[in-house]
Amino acid sequence: VDDNSGWRTIDAKATWRPDGGRHRLSFGVQQARYVLDAETRNTADWLRADGTTRIDAFAGTTTTRALFAQNAMMLQPNLELTLGGRFEQWRASDGRLANATRTVAFAEREDEFFSPKVALRYAINDDWAVRGAVARAYRFPTVSELFQGGLTSVGVLINNDPNLKPEAIAAQELSVERQLGNGTFRASLFRDVVDDALFSQLNVATLVTNIQNIDRVRTNGVEVAVDLVDVGVQGLDIAGSVTYADSRIVTNANNPASVGKRQPGVPDWRASVQATWRATDRLSATLGARYSGMQFATLDN
């Protein structure tokens, strides 16, 4: 039974362009609230009968409130600086686990984080531009990662950790853009370092498999993308990209054997291509294809 589970989000943002467009100010507020409330009961007829005695239950709530602002300012006609920041307040509350006879409640948690962003774009001439960006961000544990688990008959937690830390992500990117007359070409180098990454793994000390914080994961990569219009004939647009990523476990105290392995779910190669034919002003047709290289499912590959 999980009728009370669900989520509610609200976002409001605005953009202001003072000084004849020299500044582009963006700002806003956000709130996201996720509720988990699930219970399993014994029943003689699961299609029609109501449940009788409780088998287990888990519940909890996470709430994130955020304020953000960004200013993209033209320092020179060919030089644009973007500064941004996001302040977040995260709270986990009402967490509890239960078995047939016992309930364990978790203490409320609350944290505050600030995520800055800096980007600089320089137009070398009408055809070439270079852009660099650095940013920091956080990914908070979900309500199910924190509270969806089990409880032994003596009250010991199974398969969940209510004290999980949020992921802390440091991102860097350097890209070059080229105007092609009928489109654009872009090549980018990127690097992401994630501390306390959230993954399911076996803790070699406790021999328990659950969602845990992995000390550090690093991803280095390169991407090439092109976006063209009226290719060969008028009305035919083509867009495509190819990405290579080397994503590795750098440090993992709970499972040292995984160090040097590839991050699960991140393929080495990815590619996509999409062709759109604009037959008329009111009718278009699109054909696309995507490719993904091999992805590992577990941290030990």
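Residue numbering note: each chain is counted from 1, following its sequence as written. With pLDDT at 70 or above as the cut-off, local features in this predicted model cover only qualifying residues; side-chain atom pairs require 80 or more to be listed or tallied, and sums for whole chains, interfaces and linings still use all residues. Values reported for side chains reflect all heavy atoms of the structure, with hydrogen atoms and water molecules removed beforehand.

Regarding the overall build of the protein
Inference 1: Per the convention used, a helix needs a DSSP run of H or I reaching at least four residues, while a strand needs a run of E reaching at least two, with both numbered from the N terminus. Looking only at helices and strands, one finds 1 helix and 15 strands in the protein.
Inference 2: Using C-alpha atoms as the atom set, the radius of gyration is obtained and then compared with a globule rule of 2.2 Å times the number of residues to the power 0.38. Whereas a compact globule of 301 residues would reach a radius of gyration of roughly 19 Å, the protein reaches 25 Å, over 25% beyond that.
Inference 3: Burial status follows relative accessibility: with a 1.4 Å probe on protein chains alone, a residue under 20% of its type maximum counts as buried, one over 50% as exposed, and anything between as partly exposed. By residue count, 32% of the 301 residues in the protein fall in the buried class.
Inference 4: We call two residues in contact whenever any of their non-hydrogen atoms come within 4.5 Å of each other. Long-range contacts, defined here as pairs at least 24 residues apart, represent 58% of the contacts in the protein between residues at least 6 apart.
Inference 5: Taken as a whole, the protein presents about 18,000 Å² of accessible surface, with 54% of it coming from carbon and sulfur.
Inference 6: Mean positive and mean negative side-chain charge positions of the protein (33 and 35 charges, respectively) differ by 2 Å. Here, Shrake-Rupley sampling with a 1.4 Å probe gives the accessible areas, and only protein chains in the shown set may cover a residue. Charged residues are defined here as Lys and Arg on the positive side and Asp and Glu on the negative side; His and the ends of the chain fall outside this count. Note that the charge is assigned to NZ on lysines, CZ on arginines, CG on aspartates and CD on glutamates.

Points about the pairing of strand E2 (residues 23–41)
Side-chain direction in a regular strand flips from residue to residue, so the side chains alternate between the two faces of the sheet.
Inference 1: Strands were regarded as paired on the criterion that DSSP finds at least two bridges between them. Relative to E2, strand E1 (residues 6–16) runs antiparallel, the two being bridged by 11 bridges. Bridge pairing links Trp 16 to Leu 25 in E2.
Inference 2: In this antiparallel pair of consecutive strands, E1 and E2, the connection spans 6 residues, and Asp 19 shows a positive phi of 55 degrees.
Inference 3: As defined by bridge partners, E2 adjoins strand E3 (residues 54–76) across 19 bridges and the pair is classed as antiparallel. Following the sheet pairing, Gln 31 is matched in E3 by Arg 65.

Considering a negative patch on the surface
Inference 1: Residues forming no salt bridge and having over 30% relative accessible area are the ones grouped into patches, like charges within 9 Å of each other and nonpolar side chains (Val, Leu, Ile, Met, Phe, Trp, Tyr) within 5 Å. A pairing counts as a salt bridge when a side-chain nitrogen of Lys or Arg comes within 4 Å of a carboxyl oxygen of Asp or Glu. A cluster of acidic residues, Asp 94, Glu 108, Glu 110 and Glu 112, forms a negative patch at the surface.
Inference 2: With respect to the element layout, Asp 94 can be found in strand E4 (residues 79–98).

Observations concerning unusual backbone geometry
Inference 1: Of note, Asp 94 is a non-glycine position whose phi angle comes to about 60 degrees, a positive value.
Inference 2: The backbone of Asp 196 sits at a positive phi, close to 60 degrees, despite the residue not being glycine.
Inference 3: Looking at the secondary structure, you find Asp 196 in strand E11 (residues 183–203).

Some remarks on the nonpolar core
The tendency in soluble globular proteins is for nonpolar side chains to be buried as a group.
Inference 1: Residues belong to one nonpolar core when they are buried, are Ala, Val, Leu, Ile, Met, Phe, Trp, Tyr or Cys, and are joined through side-chain atoms within 4.5 Å. Within the largest apolar cluster, 16 residues are counted, with the highest numbers of intra-cluster contacts made by Phe 58, Trp 90, Ala 92, Tyr 138, Phe 140, Leu 146 and Phe 147.
Inference 2: Every element with two or more residues in this core is listed here: E2, E4 and helix H1 (143–147).
Inference 3: Other than its neighbours up to four places away in sequence, Phe 58 contacts Leu 36, Asp 37, Ala 38, Arg 96, Leu 97, Phe 147, Gln 148 and Gly 149.
Inference 4: Counting residues in hydrophobic clusters, the runner-up holds 7 residues, among them Ala 197, Phe 199, Ile 249 and Leu 299.

Concerning the packing of aromatic side chains
Geometry of an aromatic ring pair is reported as the spacing of the ring centres plus the angle between the planes.
Inference 1: Aromatic pairing here means that ring centres of Phe, Tyr or Trp (its six-membered ring) are within 6.5 Å. Orientation follows from the plane angle: under 30 degrees is stacked, over 60 is edge-to-face, and everything else is tilted. On inspection of all chains with the given rule, the structure shows 5 aromatic pairs.
Inference 2: Seen from their ring centres, Phe 113 and Tyr 138 are 4.5 Å apart, and the 40 degrees between their planes marks the pair as tilted. Taken together, the positions of Phe 113 in strand E6 (residues 109–123) and Tyr 138 in strand E7 (residues 128–139) put the pair 25 residues apart, joining distant regions of the chain.
Inference 3: Ring-pair connections join several aromatic residues into one group, and the members of that group are Trp 90, Phe 113, Tyr 138 and Phe 140.

Description of the environment of Thr 40
Inference 1: Residue position: Thr 40 is located in strand E2.
Inference 2: Expressed as a C-alpha distance, the spacing of Thr 40 and Gly 221, which sit 181 residues apart in the sequence, is 45 Å.
Inference 3: Those residues in contact with Thr 40, other than ones at most four positions away along the chain, are Arg 54, Ile 55 and Asp 56.

Considering the pattern of salt bridges
Inference 1: A complete count under the given rule lists 14 salt bridges for this structure.
Inference 2: Where Arg 139 meets Glu 145, a salt bridge forms, and the shortest distance between an N and an O atom there is 3.0 Å.
Inference 3: By relative accessible area, which is 28% here, Arg 139 ends up partly exposed.
Inference 4: Judged by relative accessible area, Glu 145 falls into the buried class, the value being 16%.
Inference 5: Put simply, Asp 230 and Arg 278 hold a salt bridge, and the shortest N to O gap is 3.1 Å. With Asp 230 in the loop between strand E12 (208–228) and strand E13 (236–251) and Arg 278 in strand E14 (residues 269–278), this residue pair connects regions lying 48 residues apart in the sequence.
Inference 6: Its relative accessible area of 37% is what places Arg 278 among the partly exposed residues.

A few points about a nonpolar patch on the surface
Inference 1: Where nonpolar side chains cluster on the molecular surface, the patch consists of Leu 174, Leu 180, Phe 185, Leu 189, Val 222 and Val 224 and spans about 470 Å² of accessible area.
Inference 2: By secondary structure assignment, the location of Leu 189 is in strand E11.

Describing the side chain of Thr 62
Inference 1: By the element assignment, Thr 62 lies in strand E3.
Inference 2: Overall, the relative accessible area of 5% leaves Thr 62 in the buried class.

Focus: the environment of Gln 70
Inference 1: With respect to the element layout, Gln 70 can be found in strand E3.
Inference 2: Measuring from C-alpha to C-alpha, the distance between Gln 70 and Arg 86 comes to 8.7 Å, with 16 residues separating the pair along the chain.
Inference 3: When residues no more than four places from it in sequence are discounted, the contact partners of Gln 70 are Arg 24, Leu 25, Ser 26, Thr 82, Leu 83, Gly 84 and Lys 117.
Inference 4: Separated by 3.3 Å, the side chains of Gln 70 and Lys 117 make a polar contact. Here a polar contact is recorded for every N or O atom pair within 3.5 Å, except that within protein the pair must consist of a potential hydrogen donor and a potential acceptor, and residues adjacent in sequence are included only if both atoms are side-chain atoms.

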